Amino acid sequence: MMAATTGRDHGRAWQRFRRNRSGLAGGVVLLFFVAVAMLGPVIATHDPTEQFLAPATGGVLDPMEPRDTGKFEAPSGTHLFGTDQLARDIFSRTLEGLRVSLAAAVFTVVVAGGIGIAVGLVAASGPGWLDSLLMRGTDLAYAFPDLLLIILLRAALGDTFFGARQVLGVDAGVLLLFLAIGFTAWPTMARLVRGQVLAVRETEFSMAAVAIGASPSRIAIRHWLPHAAGPVIVEATFLAPRAIFAEAALSFIGLGVSPPSASLGVLISDHFQFVMVQWTALAIPTAILALLFLGTQYLGDGLRDALDPRASR
Amino acid sequence: MARYIAARLLWTVVTLFALAAITFALMHRVPGGPFDAASVDRPLPAAVLEAQQAYYGLDDPVPVQFGRYLGHLVRGNLGVSFAQQGRPVTDLMLDKMWPSLLLGLMAFGVVVGGGVPLGVLAATHRGRAVDTVALGVATALAAVPSFVLAFVLLLIFSVWLGWTPVFMGAGFGESLSSLPRGIVPAIALGAPAMALISRITRASMLEALEQDYVRTARAKGLSPLAVTLRHALRNALIPVVTVLGPVLAGLITGSIIIESIFGVPGIGSAFITSVTARDYGVIMGTTLLYGAVIMLVNLAVDLAYPVLDPRVTLR
């Protein structure tokens, strides 16, 4: 019925997962991008905010020629992915954008997972009135239009986090943006955890735990919560790309990560403006985003098949 | 049954009240007002600004304003738009709702007409090339942001093939001949949900195909097509329908991104304009509309459940 979670079953799940080629490939792609993002500052060939403008050659002013060159350059040896509308190195900016987008994903999963697991676990293990109250609250959060809430939160909170411009080296505006995205994503997680816990509440091992005198919170956390681990992990893998896409959509309407910082969404929507001049500038970050999406999808599918004993062949 | 519906409707009203309160509070926390220099074409003289604020009651404390808003709301009055010379919000939204609704329904057609057959095809050919291709097509369409997909589709259908106009513009939905203009935006709008539906259909079909009644149907000599469609698919659609509800609600309430790219004069673009213009009445109207639609559609899905699956009873 539910995900198996004893040590031996984890071993079996891993064995099943290892045989799933597309799931494994998805995991490898993700690991690759995470490694690249972490090594970003080392790999970067240039400063992501530096402009590489070169004055136009030849003395005569040609109105058809841009006054400064160095913008919209095609990929080359010096600028691996070319340069953008401000003559910045796209390769170095992509590394920065990848890091910010992955941070958005992790942050969203942590916020949504944290709230969702807490609400779901308390609702399922607490008294009936608390369950009703929490689940009605979940319904309310679910009825809230995601993008609208993010836009309103972002506009209402501004660019400071309790007065601070930067928190732990991250721009406060960026942090709030991710917080808002995470805040719209927890209801699904809460419902999932609640359902899983309700399914194991009345089983014999729960009664055994009560019989040996385990405290209610210990039973909830040590005995019930692990049963939700499988579905929670799978949901998290689907949540991560949603966060990156939400940030990209916000960037497109000008409410994403603020300049000069970059995210994959900012790069895609910036480069979108001059796609007719230099299409590779749009194609590269879009391809990376697509690979991240496909990687998480296939990893999620693989994990679901591996963690769900019914699916075994 | 009637009690169940009554309880749900009552709960919908309570939720909408909470939604209204939170949105109202958030909206007034956003710096700037509807008549500030940033929101109007020409800055107003201080005296005029003051008079305007007083006329619309914007100088009252926020809770007082909210109370007044609720008073009007229960009588079906959503107030007036500040940005459009006092046009009633209900009037404005009825105007904007039509293109969004129509486009959303077309996108819903793409989602169901594309997602379900792809999912069935993938499930009946599990592990073979057809499975990989069917799922791959659906997933690839969802793997790029909708504005990039919209651009690529525009490039192919409008620029290279010249089949559809680049800009959708006004008049969409006013005549039958204007409907084809919505095809490309509808594909871009529906693509992510189509991928989701095809995956759910596939998973659910795989489970259904292993049931005893499917084996019985095969054993009594029914054609594979009849077994797949009439016996397996009917039961496999139950989890699909639960997901289709919120998907439909999301599609018909208008997409901010798609509407701004194709120039659709719909709810999504009305919302984003209203946020930048601090057009309080329109912000509230669009948010409440979205909330009401999503809750009513979810109620409809729950009511459809026992019809689809006789084992389920509502309580």
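Here the structure is a predicted model, which means the values were calculated and not measured.

Asker: So what about the overall build of chain B? Which residues, and what values?
Answerer: When its secondary structure is counted, chain B shows 12 helices and 0 strands. Counting from the amino terminus, chain B carries its helices and strands in the arrangement α-α-α-α-α-α-α-α-α-α-α-α. Each of the three principal axes of chain B carries a C-alpha extent, and together these read 85 × 55 × 35 Å. Residue pairs at least 24 apart in sequence account for 72% of intrachain contacts in chain B once pairs closer than 6 positions are excluded. Summed over all atoms, the accessible surface of chain B reaches about 15500 Å², with 66% contributed by carbon and sulfur. Here chain B holds 21 positive side-chain charges and 16 negative ones, and the gap between their average locations is 13 Å.

Asker: Lay out the overall build of chain A in plain terms, naming residues and giving numbers.
Answerer: The helix and strand tally for chain A stands at 12 helices and 4 strands. Classification of the 313 residues of chain A by burial places 48% in the buried group. Total accessible area on chain A stands at roughly 15300 Å², and carbon and sulfur atoms take up 66% of it.

Asker: Can you break down the packing of aromatic side chains residue by residue, with the values?
Answerer: Enumeration over the complete set of coordinates arrives at 10 aromatic pairs over all chains. Measuring from ring centre to ring centre gives 6.1 Å for B:F17 and B:F66, while their planes differ by 45°; the resulting arrangement is tilted. With a gap of 49 residues between them, B:F17 in helix α1 (residues 2–29) and B:F66 in helix α3 (residues 62–74) connect regions that are remote in the sequence. Residue classification places B:F17 among the partly exposed positions, given a relative accessible area of 45%. Take B:F66: its relative accessible area is 13%, and that puts it in the buried class. Their ring planes at 50° and their centres at 5.1 Å tell us that B:F24 and B:F66 sit as a pair that is tilted. With a gap of 42 residues between them, B:F24 in helix α1 and B:F66 in helix α3 connect regions that are remote in the sequence. Judged by its relative accessible area of 5%, B:F24 falls in the buried class. Aromatic ring contacts, followed pair by pair, group A:F252, A:F272, B:F147 and B:F151 into a single cluster.

Asker: How would you explain the environment of B:A191 if you had to name every residue and give the values?
Answerer: Residue and element names in this part refer to chain B. Looking at the element boundaries, A191 is found in helix α7 (residues 183–209). Taking the C-alpha atoms as reference points, A191 and Q53, separated by 138 residues in sequence, lie 44 Å from one another. In this view, A191 contacts L141, A142 and L149; residues no more than four positions away in its chain are not counted.

Asker: Break down the packing of helix α4 (residues 89–124) of chain B against helix α11 (residues 267–277) of chain B for me, with residues and values.
Answerer: Residue and element names in this part refer to chain B. For the pair α4 and α11, interaxial distance at closest approach is 8 Å and the crossing angle is 130°. Classified by the angle their axes make, α4 and α11 are oblique. Within the contact between the two elements, α4 uses M93, K96, M97 and S100 and α11 uses I267, G268 and A270. In terms of residue class, the contact of α4 with α11 is built from 4 nonpolar, 2 polar and 1 charged.

Asker: Provide a residue-level description of the interface of chain A and chain B, including the pertinent values.
Answerer: Opposite the 37 residues of chain A that make contact, chain B presents 39 residues. Note on chain A versus chain B: buried area summed over both sides is about 3300 Å², and carbon and sulfur give 81% of it. Our count for the chain A to chain B interface comes out at 1 salt bridge. With a shortest N-O distance of 2.1 Å, B:R199 and A:D301 are connected by a salt bridge. Here chain A and chain B share 2 residue pairs in polar contact (both at pLDDT 80 or more) between them. Of all the elements in the fold, those that place two or more residues in the side of chain A that touches chain B are α4 (128–143), α5 (146–157), α10 (229–252), α11 (264–272) and α12 (280–307) of chain A. Of the residues in the side of chain A that touches chain B, the class split is 29 nonpolar, 3 polar and 5 charged.

Asker: Requested: an account of unusual backbone geometry, with residues and values cited.
Answerer: The bulk of non-glycine residues show a negative phi, and the bulk of peptide bonds are trans. One non-glycine residue with positive phi stands out, namely B:R278, at about 55°. Note on placement: B:R278 falls in the loop between α11 and α12 (280–308).

Asker: Break down the nonpolar core for me, citing the residues and quoting the values.
Answerer: Ranked by internal contacts, the top residues of the largest apolar core, which has 141 residues, are A:L98, A:L292, B:F147, B:M205 and B:F262. With 13 residues, the next largest nonpolar core counts A:V200, A:I219, A:W224 and A:V232 among its residues.

Asker: Could you give an account of the packing of α4(B) against helix α9 (residues 224–252) of chain B, with specific residues and numbers?
Answerer: All names here are of chain B. Packing of α4 against α9 leaves a shortest axis separation of 10 Å and a crossing angle of 150°. Considering the relative orientation of α4 and α9, their crossing is right-handed. On α9, the residues touching S100, L101, G104, L105, A107, F108, V111, V112, V116, V120 and T124 of α4 are T228, L233, L237, L244, V247, L248, L251 and I252. Each residue belonging to the contact of α4 with α9 can be placed in one class, and the counts come to 15 nonpolar, 4 polar and no charged.

Asker: Tell me about the pattern of salt bridges, and please be specific about residues and values.
Answerer: A complete count under the given rule lists 9 salt bridges over all chains for this structure. A salt bridge links A:R99 to A:E96; the nearest nitrogen and oxygen atoms lie 3.6 Å apart. With a gap of 3 residues between them, A:R99 and A:E96 both fall in helix α3 (residues 90–125), about one helical turn apart. Overall, A:R99 belongs to the partly exposed group, its relative accessible area being 41%. A salt bridge links B:D60 to B:R68, with the nearest nitrogen and oxygen atoms 2.9 Å apart.

Asker: Report on helix α6 (residues 172–183) of chain A, specifying residues and quantitative values.
Answerer: Residue and element names in this part refer to chain A. For α6, with 12 residues, the first-to-last C-alpha span of 16 Å sits near the 16 Å given by 1.5 Å per residue. α6 sits mainly inside the fold: 10 of its 12 residues count as buried. When α6 is considered as a whole, its buried residues turn out to be A172, G173, V174, L175, L176, L177, F178, A180, I181 and G182.

Asker: Please set out the side chain of B:S100 residue by residue, giving values where relevant.
Answerer: Residue and element names in this part refer to chain B. Mapped onto the elements, S100 comes out in helix α4. S100 sits in the buried class, given a relative accessible area of 1%. At 2.7 Å, the side chain of S100 and the side chain of E259 are in polar contact.

Asker: Describe in detail the side chain of A:T237, supporting the description with residues and values.
Answerer: Residue placement: A:T237 occurs in helix α10. For A:T237, a relative accessible area of 11% translates into the label buried.

Rules used in this analysis
- Residues numbered from 1 in each chain as written.
- Chains lettered and ligands numbered in written order.
- Predicted model: local features only at pLDDT ≥ 70, side-chain atom pairs only at ≥ 80, totals over all residues.
- Heavy atoms only, no water.
- Helix = DSSP H or I, 4+ residues; strand = E, 2+ residues; numbered from the N terminus.
- Contact = heavy atoms within 4.5 Å.
- Areas by Shrake-Rupley, 256 points an atom, 1.4 Å probe, with all protein chains shown as cover.
- Lys, Arg positive; Asp, Glu negative; His and termini not counted.
- Charge placed at Lys NZ, Arg CZ, Asp CG, Glu CD.
- Buried < 20%, exposed > 50% of the residue type's maximum accessible area, 1.4 Å probe, protein only.
- Phe/Tyr/Trp six-rings, centres within 6.5 Å; stacked < 30°, edge-to-face > 60°.
- Axes fitted to C-alpha atoms, helices over the stretch in contact; angles between N-to-C directions.
- Parallel < 35°, antiparallel > 145°, perpendicular 65-115°, else oblique.
- Nonpolar A, V, L, I, M, F, W, Y, C, P; charged D, E, K, R; others polar.
- Buried area = accessible area lost by both parts, 1.4 Å probe.
- Salt bridge = Lys/Arg side-chain N within 4 Å of Asp/Glu carboxyl O.
- Polar contact = N/O pair within 3.5 Å; in protein donor to acceptor, adjacent residues only side chain to side chain.
- Core = buried A, V, L, I, M, F, W, Y, C linked by side-chain atoms within 4.5 Å.
- Left-handed = near helix turned anticlockwise from the far one by under 90°.
- Expected span 1.5 Å × (residues − 1).

Read these as spatial facts, not as claims about activity.
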